[in-house]
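Examination of the molecular architecture
For reference, the chains in residue letters:
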Amino acid sequence: MNKLRKKKKNLFLLPIITIVVVVITILLLYPSYIYNKEKELLAEEINSLITYLEPNHLNIEAINDITKSDITTGSRRQVESALEEYLLAFANTINSTNTIIDDDYLVNLLTVTNYQNDGPTFVKSKAYIKTTKDTLNSNKENFLNYTNKDKVMNFLSSTSKKNQVMFSELINEFISNANSTKELITAIDKLINILTTSDEILTFLSENPNGWYIENNQIMFITTDLLNTYNSLVAKVN
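These figures come from a predicted structure and were not determined experimentally.

**So, the pattern of salt bridges**
Enumeration according to the criterion identifies 6 salt bridges in this entry. Its salt-bridge partner being Glu-169, residue Lys-39 comes within 2.2 Å of it at the nearest N-O pair. Here the residue Lys-39 occupies a position in helix H1 (residues 2-50), and Glu-169 occupies one in helix H8 (residues 161-177), the gap between them amounting to 130 residues. Taking the relative accessible area as the measure of exposure, Glu-169 reaches 39% and is therefore partly exposed. Ionic pairing is found between Lys-126 and Asp-199, a salt bridge with its closest N-O pair at 3.0 Å. Of the two residues, Lys-126 is situated in helix H6 (residues 123-146) and Asp-199 in helix H9 (residues 180-207); the sequence distance between them amounts to 73 residues. Exposure remark for Lys-126: the relative accessible area of 23% places this residue in the partly exposed category. With a relative accessible area of 27%, Asp-199 lands in the partly exposed category.

Shown next as structure tokens:
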């Protein structure tokens, strides 16, 4: 009789033990499942943003629309927030650079129209050159920082080591695919050189205000030496 009761008791306990084991297993594995699932969501978000981060197809409005809703939970929101802050900063730097590239004032610095309007002192043009070079140098530094794996970690505030690893892995994946960054840095260097030479040309003209004049929509010089110096400086722009 006692053996029968003991057997029935064991049969009764077996499903309870099984349930407890299953529950404990779920509780142990669930955080890892959520971690990996939300990491996948963030990777998908980055992939969906890459198209809008191309310099020729930059769309900050679309980036804001995609990133406005939270797709993670718990402390992983810190990772999401840091990623989105990083990507928006990246986008804004591209936008700033594109604005300069498309600026008509930059293109017209060395035109007869500008010589007539701002010469012979070129105060406005020189101020523009300084401000624009400062912006370009800042943008270049930003791009270099955005592709520096150590400095990028500054976007993430204090959080768990696991979340730091997630952020680092996602950022490194983005950096490895951000081929346009090198092209942007090259474009910035070229623009800075153009602006530097333009400043040299305008300085030359401002230092020789009586050595040149505009005639028939062309710049003319009173001596061959001045003409040769001007032509040699202009040749550096091309």
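**What about the side chain of Glu-80?**
As for its placement among the helices and strands, Glu-80 is situated in helix H3 (residues 76-101). No salt bridge is formed by the buried Glu-80, whose closest oppositely charged neighbour, Arg-77, lies at an N-O distance of 5.7 Å. Apart from residues no more than four positions distant in its own chain, Glu-80 is found in contact with Leu-42, Ser-69, Asp-70, Ile-71 and Thr-72.

**A short note on empty space enclosed by the protein**
Tallying each qualifying case throughout the model produces 1 cavity of 30 Å³ or more. Taken together, Ile-50, Leu-53, Glu-54, Phe-90, Phe-174, Asn-177, Ala-178 and Ser-180 form the lining of the largest cavity. When grouped by side-chain class, the residues that make up the lining of the largest cavity number 5 nonpolar, 2 polar and 1 charged.

**Some points on helix H2 (residues 60-67)**
Those residues of H2 not exposed but buried are Ala-62, Ile-63 and Thr-67. End-on view of H2: buried residues confined to an arc of 125°, all on one side of the axis. Capping of H2 at its N-terminal end is provided by Asn-59; its side-chain oxygen lies 3.3 Å from the backbone amide nitrogen of Glu-61.

**A look at unusual backbone geometry**
Looking along the chain, the bond that leaves Gly-119 and enters Pro-120 is cis, with omega of 5°. Note that Pro-120 resides in the loop between helix H5 (112-118) and H6. One non-glycine residue, Asn-216, lies in positive phi territory at about 50°. Mapped onto the elements, Asn-216 comes out in the loop between strand E1 (212-215) and strand E2 (218-221). Despite not being glycine, Asn-217 has its phi angle at roughly 65°, a positive value.

**Description of the packing of aromatic side chains**
Applying the stated rule across the entire model yields 16 aromatic pairs. Consider the rings of Phe-204 and Phe-221, whose centres lie 6.2 Å apart with planes at 35°: the pair is tilted. Taken together, the positions of Phe-204 in helix H9 and Phe-221 in strand E2 put the pair 17 residues apart, joining distant regions of the chain. In terms of burial, Phe-204 and Phe-221 fall into one category: buried. The ring of Tyr-35 has Lys-162 lying over it, and the distance from NZ or CZ to the ring centre is 4.6 Å.

**Describing the nonpolar core**
Tyr-86, Tyr-115 and Leu-205 are the most contacted members of the largest nonpolar core, which has 50 residues in total. Every element with two or more residues in this core is listed here: H1, H3, H6, H8, H9, E2 and helix H10 (224-235).

**Considering the pairing of E2**
Judged by which residues are buried, E2 turns out to be one-sided: Ile-219 and Phe-221 face inward and are buried, whereas Gln-218 and Met-220, on the alternate face, are not. For E1 and E2, the ladder comprises 4 bridges, and the chain directions are antiparallel. Counted as the bridge partner of Ile-214 is Ile-219 from E2. The turn joining E1 and E2, which pair antiparallel and follow one another in sequence, is formed by 2 residues; a positive phi near 50° is taken by Asn-216.

**Regarding the packing of H9 against H10**
Closest axis-to-axis distance for the H9/H10 pair is 9 Å, and the angle between their directions is 165°. The angle between H9 and H10 places the two elements in the roughly antiparallel class. Crossing of H9 against H10: the hand is left-handed. Across the interface between the two elements, Thr-197, Glu-200, Ile-201, Phe-204 and Leu-205 of H9 pack against Leu-226, Thr-229, Tyr-230, Leu-233 and Val-234 of H10. For the contact of H9 with H10, the class distribution of residues is 7 nonpolar, 2 polar and 1 charged.

So, how was this worked out
Residues numbered from 1 in each chain as written. Predicted model: local features only at pLDDT ≥ 70, side-chain atom pairs only at ≥ 80, totals over all residues. Heavy atoms only, no water. Salt bridge = Lys/Arg side-chain N within 4 Å of Asp/Glu carboxyl O. Helix = DSSP H or I, 4+ residues; strand = E, 2+ residues; numbered from the N terminus. Buried < 20%, exposed > 50% of the residue type's maximum accessible area, 1.4 Å probe, protein only. Lys, Arg positive; Asp, Glu negative; His and termini not counted. Contact = heavy atoms within 4.5 Å. 1 Å grid on protein atoms, 1.4 Å probe; cavity = no way out; pocket = protein on both sides within 12 Å on 5 of 7 lines; lining within 4 Å. Points joined across faces, edges and corners; volume = space filled by probe spheres on them. Nonpolar A, V, L, I, M, F, W, Y, C, P; charged D, E, K, R; others polar. Arc of directions from axis to C-beta. Polar contact = N/O pair within 3.5 Å; in protein donor to acceptor, adjacent residues only side chain to side chain. Phe/Tyr/Trp six-rings, centres within 6.5 Å; stacked < 30°, edge-to-face > 60°. Lys NZ or Arg CZ within 6 Å of the ring centre and 35° of its normal. Core = buried A, V, L, I, M, F, W, Y, C linked by side-chain atoms within 4.5 Å. Pairing = 2+ DSSP bridges. Axes fitted to C-alpha atoms, helices over the stretch in contact; angles between N-to-C directions. Parallel < 35°, antiparallel > 145°, perpendicular 65-115°, else oblique. Left-handed = near helix turned anticlockwise from the far one by under 90°.

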